[in-house]
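A structural walkthrough
Here's the letter readout for the chains.
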2 protein chains.
Amino acid sequence: MSLYKFSPETPSGNQPLSSSLFSRLQTDILTGKIRSGEKLTEQRICEQYSVSRTPVREALRQLEMDGLIESIPNRGAYVIGLSLQDIGDMYQLRKIYEIQAVRWAIERITEKELDQLEETFEFMEFYTMKSDKEKMLNINTYFHQLIYSASHNRMLQHMLASYQIYIKHIRTTPRNDDEYLHLVLEEHRAIFEAFQKRDVEAGARAMEIHMNNSKARSI
Amino acid sequence: MSLYKFSPETPSGNQPLSSSLFSRLQTDILTGKIRSGEKLTEQRICEQYSVSRTPVREALRQLEMDGLIESIPNRGAYVIGLSLQDIGDMYQLRKIYEIQAVRWAIERITEKELDQLEETFEFMEFYTMKSDKEKMLNINTYFHQLIYSASHNRMLQHMLASYQIYIKHIRTTPRNDDEYLHLVLEEHRAIFEAFQKRDVEAGARAMEIHMNNSKARSI
DNA sequence: CGCAGTATAATTGTATACAAGTATTCAATT
DNA sequence: AATTGAATACTTGTATACAATTATACTGCG
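Note that this is a predicted model, so its numbers are computed, not measured. (Residues numbered from 1 in each chain as written. Chains lettered and ligands numbered in written order. Predicted model: local features only at pLDDT ≥ 70, side-chain atom pairs only at ≥ 80, totals over all residues. Heavy atoms only, no water.)

1. A few points about a negative patch on the surface
Residue and element names in this part refer to chain B. Note the threshold: Patch definition: residues with relative accessible area over 30% and no salt bridge; like charges joined within 9 Å; nonpolar side chains (Val, Leu, Ile, Met, Phe, Trp, Tyr) joined within 5 Å. Reported accessibility uses the Shrake-Rupley method at a 1.4 Å probe radius. Residues are deemed covered only where the shown protein chains occlude them. The term salt bridge refers to a side-chain nitrogen of Lys or Arg lying within 4 Å of a carboxyl oxygen of Asp or Glu. Under this rule, positive means Lys or Arg and negative means Asp or Glu; His and the chain ends count for nothing. Charge placement uses NZ in Lys and CZ in Arg. For Asp and Glu, CG and CD serve respectively. The numbering of helices and of strands both runs from the N terminus, where a helix is a DSSP run of H or I of at least 4 residues and a strand a run of E of at least 2. Exposure classes here rest on a 1.4 Å probe applied to the protein chains alone. A residue is buried below 20% of its type maximum, exposed above 50%, and partly exposed in between.
Residues Asp-115, Glu-118, Glu-119 and Glu-122 make up a contiguous surface patch of negative charge. Residue position: Asp-115 is located in helix H5 (residues 111–129). You can call Asp-115 partly exposed: its relative accessible area is 47%.

Have a look at this one:
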């Protein structure tokens, strides 16, 4: 992933229209457009999304791996979705790994990676100043991904990446206040400064605070 | 999942022949039959596994979600596989969640679930006595799944279940000694006894020991 | 000999057709 | 009236055909 997409010069940068059927279904389930418990027949998805059954089946398999639907052989697929309980559970679990990621990352981060993190954080400051919430969400995700990457643990990256999809949809609660952006910024500043000081415990604490607040803000 | 499959009365109980293409490919990648870095063309898989492209494509999407292959649009799929580093990473990560699972499970387990855990542990004793390593592996998996389930955290179940696949293949190092079975049994006994006493800290310690030993035994 | 451009081959992406399994309906029988 | 059975409709599972994209090989030109 490149940083260019966050640079001030880039135009609005909307979602790509060519987003896969999998992503579209994922979004529609997570935003509640497709309801929990609903039966998904391949035929109906074909009609509603104007695609043939081949891509539909592939998307359903992916959703199943994500735990968003349950597929019963020769019977069909049922939407599981996320309950409030699930969301709470997820934040608890994510927190555990995010803290671990910070610990390992502070121990193992390279100079180059630290520069990237600094640059990313500076973009966060810039977009907070500009009150660009959309860009903040994207760069926020990227900031965390840099930490995963700096942990130099491929499995951890993979596991935490799988949480991001949920987070992205959950945290779209309408909260336009600048205060929100500033709070998020300061939480990330604390994390970033722990990296600069190579202070593992401070990093873990800062991330724990950030996670607790994220959870609180989301519900 | 039912317990019947572990009962002494059941015959040998081999793997189902109707195992999905996804599982077969997963196994072949994890056992090294399909090498890391290898390019997978859909055509070749069709021929080698005697199926058409539709199921092949579905299996590839699933493998991609698992992180076992990397699929580049219009280019093809490349096997990533697991390095020794990955396996070590995975054990570290699994340990964190297994310990958390035990903590929550001991706090939240129902009487009925505890009975199931007891029954399962007694099967472990039985198969250790009979030196049936195959059955021990299965019931070992089941023992852990009961803990996940008793944690009453659906996300945690989902995350930990995704590790089991790897574990199953990694731990097939040829170690026929009864000593191995007895060690595993005693480690599980410690965990089970912590459940009986509802001692969270003892459970966490017992699981940590079990995880450390599992890792050591696997490498 | 090297390079660019084009034609060909190979591979993935998508659509459709057919087979197999499952659910539903309705009539016949008890 | 309830239940069983067969026939029908529906849904998923698989195979194949076609379109779009990418890789490769070859030819012509400098």
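2. So, the relation of the copies chain B and chain A
This is how it is decided: When the copies are superposed, the least-squares fit takes in the C-alpha atoms of residues with a pLDDT of at least 70 in both. Here a residue-residue contact requires only that any non-hydrogen atoms of the pair lie within 4.5 Å.
Overlay of chain B on chain A (RMSD 0.0 Å): rotation 180 degrees, translation along the axis 0.0 Å. Viewed as a symmetry operation, the transformation between the two copies matches a two-fold axis. Across chain B, the smallest distance between a C-alpha and the rotation axis is recorded for B:Glu58, namely 2.5 Å. With an isologous cut-off of 70% or more, the 100% of interface residues of chain B that recur at the interface of chain A puts this contact in the isologous class.

3. Overview of the domain arrangement of chain A
The condition that has to hold: Note that the domain bounds were set by an automatic or database domain assignment.
Here chain A is described as being made up of domain 1 (17–79) and domain 2 (84–218). Between the C-alpha centres of domain 1 of chain A and domain 2 of chain A the distance comes to 30 Å.

4. Here's the deal with the confidence of the model for chain A
We count it as follows: In predicted models, pLDDT denotes the confidence assigned by the predictor to each residue on a 0 to 100 scale.
Model confidence for chain A is summarised by a mean pLDDT of 88, while 89% of its residues fall at 70 or above. Low pLDDT, under 50, characterises residues 1–17 of chain A; the stretch is placed with 22 contacts to residues that sit more than four places away or in other chains.

5. Comments concerning the protein's contact with DNA strand C
As a reminder, the rule being used: Near residues are defined by distance, with any heavy atom within 4 Å of the molecule or strand qualifying the residue. Definition of a polar contact: a pair of N or O atoms within 3.5 Å, with one able to donate and the other able to accept a hydrogen when the atoms are protein atoms, and with sequence-neighbouring residues admitted only if both atoms are side-chain atoms. Following the grouping adopted for this structure description, the nonpolar residues are Ala, Val, Leu, Ile, Met, Phe, Trp, Tyr, Cys and Pro, the charged ones are Asp, Glu, Lys and Arg, and the polar ones are all others, Gly among them.
In the vicinity of DNA strand C, 17 residues are found, and the nearest of them are A:Ser52, A:Thr54, A:Arg75, B:Arg53 and B:Arg57. Sugar plus phosphate, as a fraction of atoms of DNA strand C within 4 Å of the protein: 60%. Interatomic distance of 2.6 Å between a backbone N/O atom of A:Ser52 and a phosphate oxygen of DNA strand C. Note that a base nitrogen of DNA strand C is positioned 2.9 Å from one of the side-chain N or O atoms of B:Arg53. Elements with a contribution of two residues or more to the surface near DNA strand C: helix H3 (53–66) of chain A together with helix H3 (53–66) of chain B. Looking at side-chain class alone, the surface near DNA strand C contains four nonpolar, six polar and seven charged residues.

6. What to know about the pattern of salt bridges
Per the counting criterion, the structure on display carries 30 salt bridges over all chains. One salt-bridge network, held together by shared partners, links A:Glu42, A:Arg53, A:Arg57, A:Arg61 and B:Glu58.

7. Some thoughts on the protein's contact with DNA strand D
Around DNA strand D, the surrounding shell holds 16 residues, and the nearest of these are A:Arg53, A:Arg57, B:Ser52, B:Thr54 and B:Arg75. The sugar-phosphate share of atoms of DNA strand D within 4 Å of the protein amounts to 60%. A distance of 2.9 Å separates a base nitrogen of DNA strand D from a polar side-chain atom of A:Arg53. At 3.4 Å from a phosphate oxygen of DNA strand D is found a side-chain nitrogen or oxygen belonging to A:Arg61. Mapped onto the surface near DNA strand D, the elements with two or more residues apiece are H3 of chain A together with H3 of chain B. A total of three residues in the surface near DNA strand D trace back to one element, the largest contributor, which is H3(A). Tallied by class, the residues present in the surface near DNA strand D amount to three nonpolar, six polar and seven charged.

8. Description of the environment of B:Lys215
Residue and element names in this part refer to chain B. Looking at the element boundaries, Lys-215 is found in helix H9 (residues 200–218). Here Lys-215 falls in the partly exposed class, since its relative accessible area comes to 29%. Spatially, the C-alpha atom of Lys-215 lies 23 Å from that of Phe-195, the residues being 20 residues apart in sequence. In this structure, Lys-215 is in contact with Gly-88, Tyr-91 and Gln-92, ignoring residues within four places of it in sequence.

9. Considerations on the packing of helix H1 (residues 21–30) of chain B against helix H7 (residues 154–170) of chain B
Residue and element names in this part refer to chain B. Which entries qualify depends on this criterion: In this analysis, axes come from line fits to C-alpha atoms, helices being fitted only over the stretch in contact, and the angle between any two N-to-C directions falls in the range 0 to 180 degrees. If an angle is under 35 degrees, it is roughly parallel; if it is over 145, roughly antiparallel; if it lies from 65 to 115, roughly perpendicular; otherwise it is oblique. Helix crossings are classified by the rotation of the near helix relative to the far one: an anticlockwise turn of less than a right angle makes the crossing left-handed, while a clockwise turn makes it right-handed.
Remark: H1 packs on H7, axes separated minimally by 10 Å, with the N-to-C direction vectors making an angle of 50 degrees. In terms of their interaxial angle, H1 and H7 are classed as oblique. Crossing handedness for the pair H1 and H7: right-handed. Listed contacts from H7 to Gln-26, Thr-27 and Leu-30 of H1 are Ile-165, Tyr-166 and His-169. When its residues are assigned to classes, the contact of H1 with H7 shows three nonpolar, three polar and no charged.

10. Quick notes on helix H6 (residues 133–150) of chain B
What counts is decided by this rule: What a helix is expected to span follows from its residue count: subtract one and scale by 1.5 Å.
Taking 1.5 Å as the rise per residue, H6(B) with 18 residues should run 26 Å; its terminal C-alpha atoms sit 26 Å apart, in good agreement. Of all 18 residues in H6(B), 14 are buried; the element is thus mostly enclosed.

11. Structural notes on the side chain of A:Thr120
With respect to the helices and strands, A:Thr120 occurs in helix H5 (residues 111–129). Separated by 2.7 Å, the side chain of A:Thr120 and the backbone oxygen of A:Gln116 make a polar contact.

12. Considerations on the sheet that holds strand S1 (residues 39–40) of chain A
Sheets are built from strands that pair by backbone hydrogen bonding, the pairs being arranged parallel or antiparallel. Residue and element names in this part refer to chain A. Our working rule: Strand pairing is defined by DSSP finding a minimum of two bridges between the two strands.
Pairing in this open sheet of three strands is antiparallel, and the strands run S1-S3-S2 from one edge to the other. Taken across any chain shown, the strands that pair with only one partner, and hence form the sheet edges, are S1 and strand S2 (69–72). Pairing of S1 with strand S3 (residues 76–79), which is carried by two bridges, proceeds in the antiparallel orientation. Across the sheet, the residue bridging to Leu-40 is Ala-77, located in S3.

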